[in-house]
Amino acid sequence: MKKILTIFILLVTLALTAQAADYVTRAEFLQNVLKEIDVNDRIYAEVFDDVTYKDKFADSVQAAVETGIINKGNLFFPNVSIKKDDALKMIENAFSYLKCDASAEDMRSLNAAVAGEYVTEKECQALMTLVDEIYKKSPIKTGDGALDEKINFVRDNIENCENEKAKNTAKEYFDIGLKKVIQNNSEAEVERGIEEINLAYGALNCKRDSIIPGSYIFDDNGGLIQGHGGNVFFDEKSGKYYWYGEARQTSDPPEHLKKYADWGWRIGVACYSSTDLYNWEYESLALEMLESYDGMKFPESDIKVGEVIERPKVMYNKKTDKYVMWMHIDNGWYGYSRAGVAVSDSPTGPFDYITSYRPGDKMSRDMTVFQDNDGTAYIYFSTDENGCLATVKLSEDYLEPVGEAHYCIWWKWREAPTVFRYKDTYYMITSGCTGWAANEADYATAPSPTGPWTQHGNPCVGEGANKTFGGQSYWVMTIDQEKGRFIFMADIWRPSRHSESSFIWLPIQMQPDGSIKIEWVDEWAIEDMGNMLIEPEDMYVNYGDEVKLPEKVKAIVRGEESEVPVLWEGEIPQRIGHYEMTGKAEGFANSFVTLDIFVMPRDICYFADCGADNTNELEKIQGSLYNSVSDMEYGVDEKTGKKWGYVSDNEKGHSGSNNMFNSVRYDYSEGGEENTGKGVTYSFEVEDAGEYAVYVGVKDPWNEQNRYIDIMVNGDIIVDAHNTHNTLEVFEKYDVKPVDGVITVSSIRDEKSLESHLDPIVSFIIIAKDNGEIVVREPEKKEDTPLEEKTEAVTEKAEEAVYRVLKLKGTVLALSYDAQNGLQMKSYNGTNTQKWDLEYTLSGSYMINA
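Residues numbered from 1 in each chain as written. Predicted model: local features only at pLDDT ≥ 70, side-chain atom pairs only at ≥ 80, totals over all residues. Heavy atoms only, no water.

> Just checking my understanding: could you explain the sheet that holds strand β14 (residues 425-432) for this structure?
Backbone-to-backbone hydrogen bonds pair the strands of a sheet. The strands run either parallel or antiparallel. The strand order across the open sheet built from 4 strands is β13-β14-β15-β16, with neighbouring strands paired in antiparallel fashion. Strands with a single pairing partner mark the edges of an open sheet, and in this sheet they are β13 (414-422) and β16 (454-457). Within this sheet the neighbouring strands show an average axis-to-axis angle of 25°, counted without direction. Where β13 lies against β14, 7 bridges are found, and the strand directions are antiparallel. Following the sheet pairing, E415 is matched in β14 by S431. (Pairing = 2+ DSSP bridges. Helix = DSSP H or I, 4+ residues; strand = E, 2+ residues; numbered from the N terminus. Axes fitted to C-alpha atoms, helices over the stretch in contact; angles between N-to-C directions.)

> For this particular structure, what's the right way to read the pairing of strand β1 (residues 228-235)?
The two faces of the sheet receive side chains in turn, since in a regular strand these alternate between them. The element β1 is largely enclosed, with a buried count of 7 among its 8 residues. For β1 and strand β2 (residues 240-247), the ladder comprises 6 bridges, and the chain directions are antiparallel. When the bridges of β2 are listed, N231 appears paired with Y244. If you look at the hairpin formed by β1 and β2, you'll find 4 residues sitting between the two strands, and G239 has a positive phi there, around 70°. (Buried < 20%, exposed > 50% of the residue type's maximum accessible area, 1.4 Å probe, protein only.)

> Which parts of the structure should I look at to understand the layout of surface pockets?
In this approach a probe as big as a water molecule rolls over the atoms, and the regions it shows empty are the leftover space. Considering only enclosed or pocket space, the largest pocket measures out at about 1,100 Å³ in volume. Around the largest pocket, the lining is made up of 37 residues, and of these F234, Y316, K318, Q371 and D372 lie nearest the centre. Elements that contribute at least two residues to the lining of the largest pocket include exactly β1, β5 (308-317), β9 (367-371), β11 (388-394), β13 and β18 (472-480). Residue classes in the lining of the largest pocket are distributed as 18 nonpolar, 9 polar and 10 charged. (1 Å grid on protein atoms, 1.4 Å probe; cavity = no way out; pocket = protein on both sides within 12 Å on 5 of 7 lines; lining within 4 Å. Points joined across faces, edges and corners; volume = space filled by probe spheres on them. Nonpolar A, V, L, I, M, F, W, Y, C, P; charged D, E, K, R; others polar.)

> Even after reading the chapter, I still don't get the packing of aromatic side chains, so can you show me in this structure?
In this description, an aromatic ring pair is defined by two values, namely the gap between the centres and the angle between the planes. One pass over the full model with this rule turns up 40 aromatic pairs. Centre to centre, the rings of W326 and Y357 are 6.1 Å apart; their planes meet at 40°, and the pair counts as tilted. Taken together, the residues span a long stretch of sequence, with W326 in strand β6 (residues 322-330) and Y357 in strand β8 (residues 352-357) at a distance of 31 residues. Judged by relative accessible area, W326 falls into the buried class, the value being 0%. Note on Y357: relative accessible area 23%, which makes it partly exposed. For the ring pair Y427 and Y443, a centre distance of 6.5 Å and an interplane angle of 25° mean the geometry is stacked. With Y427 in strand β14 and Y443 in strand β15 (residues 442-446), this pair connects stretches of sequence that are 16 residues apart. (Phe/Tyr/Trp six-rings, centres within 6.5 Å; stacked < 30°, edge-to-face > 60°.)

> Got a minute to help me understand the side chain of D330 in this structure?
Of note, D330 is situated in strand β6. An unpaired buried charge is present at D330: no salt bridge exists, and R365, the closest side chain of opposite charge, is 4.5 Å distant. (Lys, Arg positive; Asp, Glu negative; His and termini not counted. Salt bridge = Lys/Arg side-chain N within 4 Å of Asp/Glu carboxyl O.)

> Where do I start with the sheet that holds strand β10 (residues 377-383) in this structure?
In spatial order, the strands read β9-β10-β11-β12; together these 4 strands make up an open sheet with antiparallel pairing. Looking at the sheet topology across the chains shown, the edges are occupied by β9 and β12 (401-409). Going across the sheet, the axis of each strand differs from the next one's by a mean of 25°, ignoring polarity. Across 5 bridges, the pairing between β11 and β12 is antiparallel. Looking at the pairing, K393 lines up with V402 of β12.

> Looking at this structure, I do not really get the pattern of salt bridges. What am I missing?
Pairing of side chains with opposite charge becomes possible as their charged atoms draw close. As enumerated under the stated definition, the model contains 31 salt bridges in all. The closest approach of N and O atoms between R192 and E195, which form a salt bridge, is 3.1 Å. Separated by 3 residues within a single helix, R192 and E195 lie in helix α10 (residues 187-204), roughly one turn from each other. By relative accessible area, which is 7% here, R192 ends up buried. A salt bridge links R707 to D700; the nearest nitrogen and oxygen atoms lie 2.9 Å apart. Beyond isolated ion pairs, a larger network of salt bridges with shared partners links R192, E195, E196, R494 and E500.

> Which parts of the structure should I look at to understand α10?
An α-helical segment advances 3.6 residues per turn. Residues three or four places apart therefore align on the same side. Taking 1.5 Å of rise per residue, the 18 residues of α10 would be expected to cover 26 Å, and the 26 Å separating its terminal C-alpha atoms lies within 8% of that figure. Buried residues in α10 make contact with α8 (145-157) and α9 (164-182). (Expected span 1.5 Å × (residues − 1). Contact = heavy atoms within 4.5 Å.)

Right, dumping it as structure tokens:
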């Protein structure tokens, strides 16, 4: 038996090696594949921990087997001639592993290159030539469209880059980045690979004619721009823009600081110049950090390598003809907290460091400077352990702070300030204090550089606005103050590689009311500054009339006013109220407009915005009103002479902001639950003759689950046991006749509801003359059976009345339907029903127990 087995193995071996003399072996073919499409290192590097072969090629063979590049399981037979099918499979799997999207036509051309069952040496050479051509021309597809676009751009253009340093930089980043993206790496490694591909893409795009927010920017030497935390200003003397920032690794660091740059340490303040704000030339390390403390006035930390220079800002002083740099000076644990100053005869330096201060005897951390139109300069800085922001005026030569500190923002924990002026208003944009992590921006305004400052909230809008699109403010560049042309500038910090932090530059949109808006734009040009959508005027619609939204909105494009098509989102309102519709305008990829729609009845006598402390919406109401304020305690209206207002025992109410559904008056009883339910009652004096329509709006701002109310008009219940949870309702009552010239409207606690123990509320009340002409257009509904037939069929069984009741568990309320009354909320009586209990599970969610 042993003899036969030996002969069998020998025969197999002879059969496998029979073609070896004239054909390429598997090992040889694999070597060609690995060499031609550079897959060898990608397989070999750090992926296969279980490979134990000493020979690197043997490792690659095993790796190729395990990854499917060679689809032969554990039987490789390196010295056996390779079959055509196995060779093509090896190439196909290699393409797949590298995300190379080779076409079916390409694979057919590979198939045609081999005539027989085995691959000859000549055919191998032809195959490798085709493999090289296919790999170079075929797109890489990782599944991320935006990333694929950049990968293929770099692959196609890297050899044609004229800037040799940028070309080498792109090659270095691209090779490493592509490996990390393609290999089976950790999520963090893949993210790093994507960053490196973005760096390669930026290096090849160092010549630009537009601004691409969030992208990496390279200088003319092919080095990443080190403009972090700095500023940009236009120098009239040289006719150039200069950009300064914290430098860790410039394209040409001084020799004595190079080792610190290689370590990623701060080495000073870099300076770049430009004539168009798109393309930048490296000028110098304008301020160098020192290697020793010799001669330093404050040897604890001032500008020594290893300590902190942050947020450098440069201004030109016309009186002294000097360029002055201010910066945050600190030690490693940020306890030093000072503002340093340096001066130079040239915008490119070298700047001579002078000293550091605590402006107004206050600690100074994140800071900025501001030059007013008259040449007066100020320094703004985070102080009191970043709890507050303050400002101090600078001396005429800008070299020292003078006078006391003025607080701008008290105990709001803001940093990264930047200040600019438009007309007679001063603006300050800041970030929150969350370290290197992005957070929500805020802006404030003031009538003077020293205040008082009023905060207005986040100026950023759209996707990513709550994180300032991933950045943190460092400067606002003034292009044209008179026309309101400003650029918002921010850093996208990368703490693990600060030298690779990138930048966001976006145009600030100055609104007609003086507010500001910052929206993300993928790419833009200086000529596009001022492009903006003009918010449409409020729409006032009579209740019952069709709401026709505008098909176009006004816009300003490169200084010219035009109209652009708009697509509105959401349902068109049909009932009474104030509604906001959001629209997307053509040609403004990331901009939205908001249309305020007021749907109101005709002939309004009273518009009571219950609980409101302003008249914002009252002023929008058309007609001759009997009330001149939004809400008041019952009495004589000083302007109209009519008596109206709330007559409840308690005067407390919740004030709404900008929408009639957001304001509410409630019967708040401090005496405990036993006093709850007295109700909120309003009285309105009207003409005794005629009939009126009453509209009562209710929305619970706290969205409580167990608030049940009855709505009464002149003592008659028009709504019984309404649960305010997750609802926004407007209740209507027509043919209302005044009693002794007065109409009363009440919201009281529903005593029948066992779980109702919360204060009754009301949002707004409208009293209008009843003209009997209101027809509300309801959305069309598809009916599978004519409504008349359905009604007749149900009426035949009218005696059975209620067929299904949905009872709210733990209450006496039920939602029921019958032919006479339709769908309604009523008290549950337990007769003629098939009861289904509704059990509350999550907010806004119920479970039916049938």
